[in-house]
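Structural description and commentary
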Amino acid sequence: QKEVEQNSGPLSVPEGAIASLNCTYSDRGSQSFFWYRQYSGKSPELIMFIYSNGDKEDGRFTAQLNKASQYVSLLIRDSQPSDSATYLCAVTGSQGNLIFGKGTKLSVKP
Amino acid sequence: NAGVTQTPKFQVLKTGQSMTLQCAQDMNHNSMYWYRQDPGMGLRLIYYSASEGTTDKGEVPNGYNVSRLNKREFSLRLESAAPSQTSVYFCASNAGSVNTEAFFGQGTRLTVV
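Just so we're clear, the structure is a prediction, and the values are computed from it rather than from any experiment.

1. Quick notes on the interface of chain B and chain A
At the interface, 23 residues of chain B touch 21 residues of chain A. Summing the contributions of chain B and of chain A, the shared interface buries around 1700 Å²; its carbon and sulfur component is 54%. Inspection of the region where chain B meets chain A yields 0 salt bridges. Joining chain B to chain A, the criterion identifies 5 residue pairs in polar contact (both at pLDDT 80 or more). For the side of chain B that touches chain A, the secondary-structure elements that each account for two or more residues are β4 (31–38), β5 (42–49) and β9 (87–94) of chain B.

Rendered as structure tokens:
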């Protein structure tokens, strides 16, 4: 059974700071990695995906992947109160389904 | 563009009652999924359909059945609801290949009393 592990938080950062969210996965053969954001009472929405080792940047968001360490992270620069949400890490299963971690709750304080 | 549409949004059932959650997508996706989300447990896969005409069990299938009615629609049925099935249910779809993101419906909040 593939597993995805995240710290549940809450992670609290001041407005304008960098938020760092981390995720480890058990299946060394995993190929695709996704970060979803979920506001309370809403459905998950995709923030970023990454397939290759290294960094991938999109605006204030940077995803980092290290397949050797089976580790993927999400950095949020210049954090805003609107970034307060639960962040879900996911990896693709053998049938294309997503296997999710339990999520990290982020709180950005004004 | 509606994306993934789930109905109903909210439902209260009595123990032993049955119901069907409906899901439809308009993105011509091959694969569709049903997840449940419980506090502290994350999203767990109930059933999935890799293509029209096929369905397979996920991590937590007991107490549920599914039907892939056509390429657009994938329903989830609770034959005899139990309080342990109180949860938020999400339908999702994707193109089906390994590197494609999944799109989610708005969720169904189900309470079984």
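2. Observations concerning the state of the cysteines
This model, assessed by the stated rule, comprises 2 disulfides over all chains. Each disulfide pairs two cysteine sulfurs, and for C23 of chain A the partner residue is C89 of chain A, the sulfurs being separated by 2.1 Å. Across the disulfide from C23 of chain A to C89 of chain A, rotation about the S-S bond amounts to roughly -75°, and the bridge is consequently left-handed. Separated by 66 residues along the polypeptide, C23 of chain A in strand β3 (residues 19–25) and C89 of chain A in strand β9 (residues 85–92) bring together distant segments of the chain. C89 of chain A gets classed as buried once you look at its relative accessible area, which sits at 0%. Disulfide pairing places C23 of chain B opposite C91 of chain B at an S-S distance of 1.9 Å. A torsion of -75° about the S-S bond marks the disulfide between C23 of chain B and C91 of chain B as left-handed. You can see C23 of chain B sitting in strand β3 (residues 19–25) and its partner C91 of chain B sitting in strand β9, a full 68 residues away along the chain. Classification of C91 of chain B as buried rests on a relative accessible area of 0%.

The rules behind the values
- Residues numbered from 1 in each chain as written.
- Chains lettered and ligands numbered in written order.
- Predicted model: local features only at pLDDT ≥ 70, side-chain atom pairs only at ≥ 80, totals over all residues.
- Heavy atoms only, no water.
- Contact = heavy atoms within 4.5 Å.
- Buried area = accessible area lost by both parts, 1.4 Å probe.
- Salt bridge = Lys/Arg side-chain N within 4 Å of Asp/Glu carboxyl O.
- Polar contact = N/O pair within 3.5 Å; in protein donor to acceptor, adjacent residues only side chain to side chain.
- Helix = DSSP H or I, 4+ residues; strand = E, 2+ residues; numbered from the N terminus.
- Disulfide = S-S within 2.5 Å.
- Buried < 20%, exposed > 50% of the residue type's maximum accessible area, 1.4 Å probe, protein only.

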